[in-house]
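# Breakdown of the fold
In case you want the letters, here they are:
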Amino acid sequence: MFLKKITLLNFKNIAREDLELGEGVNCFVGDNGAGKTNVLDAVYYLSMCKSSLQMTDGQSIRHGADCFLLEGQYLSDGQRREKVVCSFSRKGGKILKRNDKEYERLADHVGLLPAVIVSPSDSALISDAADERRRYLNAFISQLDRTYLASVMRYNAVLGERNRLLKMQPDETMLGIYDRQLCEHGESIHARRREFTERLQPIVAEYYRRLSDDREQVELSYRSELNDRPFEEILRAARQKDLVNEFTTAGIHRDDLTLRIGGYPLRKYGSQGQQKSFLIALKLAQYAILAEERHERPLLLLDDLFDKLDAGRVEQLIRLVADDAFGQILITDCNPTRLRTILDRAGSDYRLFRVENGAIEPILRTGDEPAASAETTATTPTSTPAPQP
């Protein structure tokens, strides 16, 4: 997938920008808060109909404006042209159009323009509660399976109704109806989550091995009560506890991903660099599966690429994403000299953009560049192929 041009209007701190992007690597450099991440978030918005951050649509409107608009012009790997426009206004809500035709349901768009983002906010997958990891799985699988997305939406709706019933005088007949609906949707959700976790595990391990030079072994597994017994039996056993607590205490809404390094919990025993490497390996594994299933290389968005990574792991990451298995890549960084040095030595085709106070302008390859920070410049190795799922 190739995003040829993107237009941003009143999106966060960006008043109006029209950007022509290259098919290879596109780098956005500037100080923290300049608006680099906003560009990547706009690209994610056009793929997933929402921000990659925990922000509402209203929070993405530029201060002083009443609406924002994003437009992307794409060319698929199969040479299919797509134009997608996403707009949001405080009065009219969100509208999404594909080739000038408005979607009736936003969920119908998810998966058309596959995208994978790696950002500092991914740390929530390790440090925060299980709902963050379930949210990750839901977003990942939904790009491949719209039936899964519909099941998740229906499960959550039924769960809400069941919890409201438990707060009143519960009717056994209604509880039985809700239980059957939870089982129907929950068992299909569980099966898909378990399947994709099992597919992710060996690819995550291989990418992590390359990033860490075989220094550590990592594991990824799916933890669920449904791994051991049927959902119907679980709900029946939890009925009295649900009545006392007045909410549903068991089900796939309590499942989790278990992340380990060297056999121990990653959150407790992994260093910051190890945790970041695990997250990158997870996202690259997601990329590999999306590319295989969709027969389309997703857009790869690398926000704050060098955050918490030592030079060696950065070098390994550049090797991986420089391979032909990857398509268009968007990168943000505060240090243009470091970034250009790595990409020049790797022989990567790239475009460089300076971002300052929401304004974006291209930097000529032979022209001046912004002043580099005092950070150490990393060297770049040659390219090696990425592992396949």
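Above this text you will find the structure in question.
These notes cover the structure that comes with them. (Residues numbered from 1 in each chain as written. Predicted model: local features only at pLDDT ≥ 70, side-chain atom pairs only at ≥ 80, totals over all residues. Heavy atoms only, no water.)

### Re the overall build of the protein chain
Within the protein chain, the regular secondary structure consists of 11 helices and 15 strands. For 389 residues, the compact-globule estimate of 2.2 N^0.38 gives 21 Å, and the C-alpha radius of gyration of the protein chain, at 22 Å, lies within 12% of that figure. Taking the principal axes of the C-alpha coordinates as reference, the protein chain spans close to 75 × 55 × 40 Å. The burial tally for the protein chain puts 55% of its 389 residues in the buried class. Put simply, of all contacts in the protein chain between residues at least 6 apart along the chain, 72% involve residues at least 24 apart. (Helix = DSSP H or I, 4+ residues; strand = E, 2+ residues; numbered from the N terminus. Rg over C-alpha atoms; globule rule 2.2 N^0.38 Å. Buried < 20%, exposed > 50% of the residue type's maximum accessible area, 1.4 Å probe, protein only. Contact = heavy atoms within 4.5 Å.)

### Quick look at the nonpolar core
Ranked by size, the top nonpolar core spans 76 residues in total, and within it Phe140, Val204, Leu284 and Leu300 carry the most contacts. Look past the residues within four positions of Leu284 in its chain and what remains in contact with it is Tyr207, Leu300, Leu317, Leu320, Val321 and Phe326. Ile61, Tyr74, Leu96 and Leu301 belong to the second largest nonpolar core, which has 41 residues in total. (Core = buried A, V, L, I, M, F, W, Y, C linked by side-chain atoms within 4.5 Å.)

### So, the pattern of salt bridges
Scanning the entire structure with this criterion turns up 28 salt bridges. Beyond isolated ion pairs, a larger network of salt bridges with shared partners links Arg162, Glu172, Asp179, Arg239 and Asp242. (Salt bridge = Lys/Arg side-chain N within 4 Å of Asp/Glu carboxyl O.)

### Some remarks on the packing of aromatic side chains
The full count for this structure, using the stated rule, is 10 aromatic pairs. Between Phe11 and Phe68 the ring centres are 5.3 Å apart and the planes differ by 75 degrees, which places this aromatic pair in the edge-to-face class. Taken as a pair, Phe11 in strand E1 (residues 2–11) and Phe68 in strand E4 (residues 67–75) lie far apart in primary sequence, 57 residues in all. An angle of 75 degrees between the planes, with centres 5.4 Å apart, marks the rings of Phe140 and Phe196 as edge-to-face. In this pair, Phe140 sits in helix H3 (residues 130–142) while Phe196 sits in helix H5 (residues 172–212), placing the two residues 56 residues apart along the sequence. (Phe/Tyr/Trp six-rings, centres within 6.5 Å; stacked < 30°, edge-to-face > 60°.)

### Structural notes on the environment of Leu266
Examined against the element boundaries, Leu266 turns out to sit in helix H8 (residues 266–269). Classification of Leu266 by relative accessible area gives buried; the value is 0%. As a C-alpha pair, Leu266 and Glu219 span 47 residues in sequence and 9.2 Å in three-dimensional space. Excluding residues within four positions of it along the chain, Leu266 makes contact with Ile126, Leu259, Arg260, Ile261, Gln274, Gln275 and Phe278.

### Remarks on the pairing of strand E6 (residues 93–98)
Both faces of the sheet carry side chains from a regular strand, because those side chains alternate between them. Sheet topology places strand E5 (residues 81–89) next to E6; 6 bridges connect them, and they run antiparallel. Following the sheet pairing, Ser89 is matched in E6 by Gly93. Looking at chain direction, E6 and strand E7 (residues 101–102) are connected through 2 bridges and run antiparallel. Paired with Lys97 across the bridge in E7 is Glu102. Counting the residues that bridge the hairpin from E6 to E7 gives 2 residues, and of these Asn99 lies at a positive phi of roughly 50 degrees. (Pairing = 2+ DSSP bridges.)

### Looking at empty space enclosed by the protein
For the structure on display, the rule yields 2 cavities of 30 Å³ or more. Here the largest cavity defines a volume of roughly 40 Å³. Every residue lining the largest cavity is listed: Val25, Ile318, Val321, Ala322, Ile329, Ile331, Leu343 and Ser348. The set of elements that each furnish at least two residues to the lining of the largest cavity consists of helix H10 (311–321) and strand E13 (329–333). Of the residues belonging to the lining of the largest cavity, the class tally is 7 nonpolar, 1 polar and no charged. Approximately 30 Å³ is the volume attributed to the second largest cavity. Every residue lining the second largest cavity is listed: Val118, Lys276, Ile280, Leu302, Asp303, Asp304, Leu305 and Leu317. (1 Å grid on protein atoms, 1.4 Å probe; cavity = no way out; pocket = protein on both sides within 12 Å on 5 of 7 lines; lining within 4 Å. Points joined across faces, edges and corners; volume = space filled by probe spheres on them. Nonpolar A, V, L, I, M, F, W, Y, C, P; charged D, E, K, R; others polar.)

### Some remarks on the sheet that holds E5
Think of a sheet as strands paired side by side through backbone hydrogen bonds, with each pair either parallel or antiparallel. Spatially, the 6 strands line up as an open sheet ordered E2-E1-E4-E5-E6-E7, and their pairing is antiparallel. Of all the strands in the sheet, the pair left with one neighbour each is strand E2 (14–20) and E7. For E4 and E5, the ladder comprises 9 bridges, and the chain directions are antiparallel. Bridge pairing in E5 places Leu75 opposite Arg81. The sheet strands contacting helix H1 (residues 36–48) are E1, E2, E4, E5 and E6, and the helix crosses E1 at an angle near 110 degrees. (Axes fitted to C-alpha atoms, helices over the stretch in contact; angles between N-to-C directions.)

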